[in-house]
Amino acid sequence: MQDEIIFKTARAIMFVDSDVVFTHNGDNKGMGKLYKYLTSDPDLGGAAGEIEVWRWTKNPVTITQYFEYKSNQFMAKTFENWFGMVQCTLAMTYCLRFQVTCLPGAFCMVRPQALEHVLSCYLQDANTIVEKNQLDLGEDRTMTTLLLQAGWRTGYLTSATALTDVPQTLPQLIRQRRRWINSTVVNMWLLLRHVNRWCSAFPLLVSLGVELISSFTLPTAVLMLFFQMGASVGLNALLVIAVIILWVLLLLVLSLTADLDRVHYWFEASAVVGAVVIFLMIVYTVQSADLFLHKYWAEVVVVVGWVVIIVLSSVIHRQWTSVLGVLAPVTWLFMSPTMYVIVPLYAICNFDDVSWGTRG
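Residues numbered from 1 in each chain as written. Predicted model: local features only at pLDDT ≥ 70, side-chain atom pairs only at ≥ 80, totals over all residues. Heavy atoms only, no water.

A closer look at the pairing of strand β2 (residues 44-53)
Heads up, the rule is: Burial status follows relative accessibility: with a 1.4 Å probe on protein chains alone, a residue under 20% of its type maximum counts as buried, one over 50% as exposed, and anything between as partly exposed. Note on conventions: DSSP H or I runs of at least 4 residues are helices, E runs of at least 2 residues are strands, and numbering of each starts at the N terminus. In this analysis, strands are considered paired if DSSP registers two or more bridges between them.
When you tally the buried positions in β2, you get 10 out of 10 residues, the bulk of the element. Of the strand pairs in this sheet, β2 and strand β4 (residues 153-164) are connected by nine bridges, and their pairing is parallel. Bridging across to β4, Gly49 finds its partner in Leu157. One ladder, built from three bridges, connects β2 with strand β3 (residues 107-110); its direction is antiparallel. For Ala48, the partnering residue across the bridge sits in β3 and is Cys108.

What follows is the structure, given as structure tokens:
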């Protein structure tokens with residue numbers, strides 16, 4: 001009886017990882033801010049705060065994740081939150097309200113009534129590989145998808161902050177992102193399947209479409225960059241293509257057949273090679289700036305535009321030092337082949353790996 005009373009009077013359920021620290025830059029009120037935000041609107045089913053990487057200067061892996069967390073929350077979550085999403089009911093009625101497509105399990109709150117609506121679906125048995133990727137991996141995104149499909153709204157509060165630890169080695173990062181990528185692709189596809197009124201769901205389509213498509217186009221873009229770099233320095237085009245294909249095939253074979261712990265040095269060596277290519281590209285660009293701008297002006301416009309968006313987003317969030325500081329963005333640039341080629345290839349090759357699920 002006592003448990004039942006507590007359940008009915010509870011106004012919020014906290015989801016948090018064991019390594020999360022709530023004191024950030026002297027502010028220890030992140031949890032309270034998130035609670036106040038969630039309970040201020042009865043239609044809000046869940047709310048997420050901003051997560052920062054704790055002790056992020058340890059090595060290139062943690063530095064890259066620090067910049068990635070920042071840029072992701074500056075742009076992706078803010079876009080979803082500002083421009084609104086869709087209440088993913090069967091009728092798919094559109095409302096210009098705040099929504100985010102993933103309440104991170106590391107730091108979020110959910111209304112008990114909202115969780116009760118989706119709990120049976122959230123805890124259902126997963127039988128197929130797709131269901132296991134949907135339900136057992138990235139369970140925070142799965143819960144958010146179910147809340148949106150049930151008609152609840154979700155929100156994002158930038159002033160509620162917390163710190164979390166991140167993977168500190170490349171194998172740990174690859175395993176984590178394997179879960180995230182596969183679960184994201186499945187849940188994004190499920191959300192898109194529920195869209196019936198495509199015109200009114202434009203903000204949702206933009207956000208989901210960009211994230212879903214980028215999972216496949218970014219690796220291709222990096223490989224094309226490698227090809228352009230090789231061709232620009234005078235290497236035979238067929239030779240460059242052959243080297244890229246052999247590199248990708250090696251990664252595919254290792255991802256499909258080998259235990260990550262036993263061959264991690266191959267992935268680490270590939271990460272180093274990718275960083276070296278990026279360095280050579282920077283050197284070539286600086287030495288041949290006029291030729292590069294004339295020949296690849298479209299690529300330059302895209303890159304400069306992307307940088308401007310990130311900088312403006314950081315200024316709006318009053319955290320410009322996190323982006324304009326040289327260490328984090330430069331490290332992320334050198335690690336971009338790892339994040340956009342090595343990690344996605346491993347995730348795709350191990351779509352049937354459903355380990356490390358914590359649901360239920």
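Once you've had a look at it, read on.
Topic: unusual backbone geometry
Not every positive phi belongs to a glycine, and Arg55 is a case in point at roughly 50°. With respect to the helices, strands and loops of the structure, Arg55 is situated in the loop between β2 and α3 (60-83).

Considering the state of the cysteines
As a reminder of what qualifies: Two cysteine sulfur atoms form a disulfide, by the criterion used here, when they sit within 2.5 Å.
Applying the stated criterion to the full structure yields zero disulfides. In this structure Cys108 is a free cysteine whose sulfur lies 8.3 Å from that of Cys102, the closest cysteine sulfur available. By relative accessible area, which is 0% here, Cys108 ends up buried.

Brief notes about the packing of helix α9 (residues 237-257) against helix α14 (residues 327-349)
We count it as follows: Angles shown run from 0 to 180 degrees and are taken between the N-to-C directions of axes, each axis being a line fitted to C-alpha atoms and, for helices, limited to the stretch in contact. Any angle from 65 to 115 degrees is called roughly perpendicular, while one under 35 is roughly parallel, one over 145 is roughly antiparallel, and all others are oblique. Each crossing gets its hand from how the near helix is turned against the far one by less than a right angle, where anticlockwise is left-handed and clockwise is right-handed. Contact between two residues is taken to exist if any of their heavy atoms lie within 4.5 Å; hydrogens are not considered. When residues are grouped by polarity, Ala, Val, Leu, Ile, Met, Phe, Trp, Tyr, Cys and Pro land in nonpolar, Asp, Glu, Lys and Arg in charged, and all others, Gly among them, in polar.
Contact geometry of α9 with α14 gives a least axis separation of 9 Å together with a crossing angle of 45°. On the basis of their axis angle, the class for α9 and α14 is oblique. You can see that α9 and α14 cross each other, and the crossing is right-handed. For the pair formed by α9 and α14, the contact residues are Trp247, Val248, Leu251, Leu252, Ser255 and Leu256 on the first element and Val341, Ile342, Leu345, Tyr346 and Cys349 on the second. Its residues placed into classes, the contact of α9 with α14 shows 10 nonpolar, one polar and no charged.

As for a nonpolar patch on the surface
Our working definition: To count toward a patch, a residue needs a relative accessible area above 30% and no salt bridge. Like charges then connect within 9 Å, nonpolar side chains (Val, Leu, Ile, Met, Phe, Trp, Tyr) within 5 Å. Throughout, the Shrake-Rupley method with a 1.4 Å probe supplies accessible areas, and for residues the shown protein chains are the sole cover considered. In the sections that follow, a salt bridge refers to a side-chain nitrogen of Lys or Arg positioned within 4 Å of a carboxyl oxygen of Asp or Glu.
Together, Leu238, Ile241, Ile245, Leu246 and Leu249 give the surface a local cluster of nonpolar side chains, amounting to about 490 Å² of exposed area. Along the chain, Ile241 falls in helix α9. For Ile241, a relative accessible area of 35% gives the class partly exposed.

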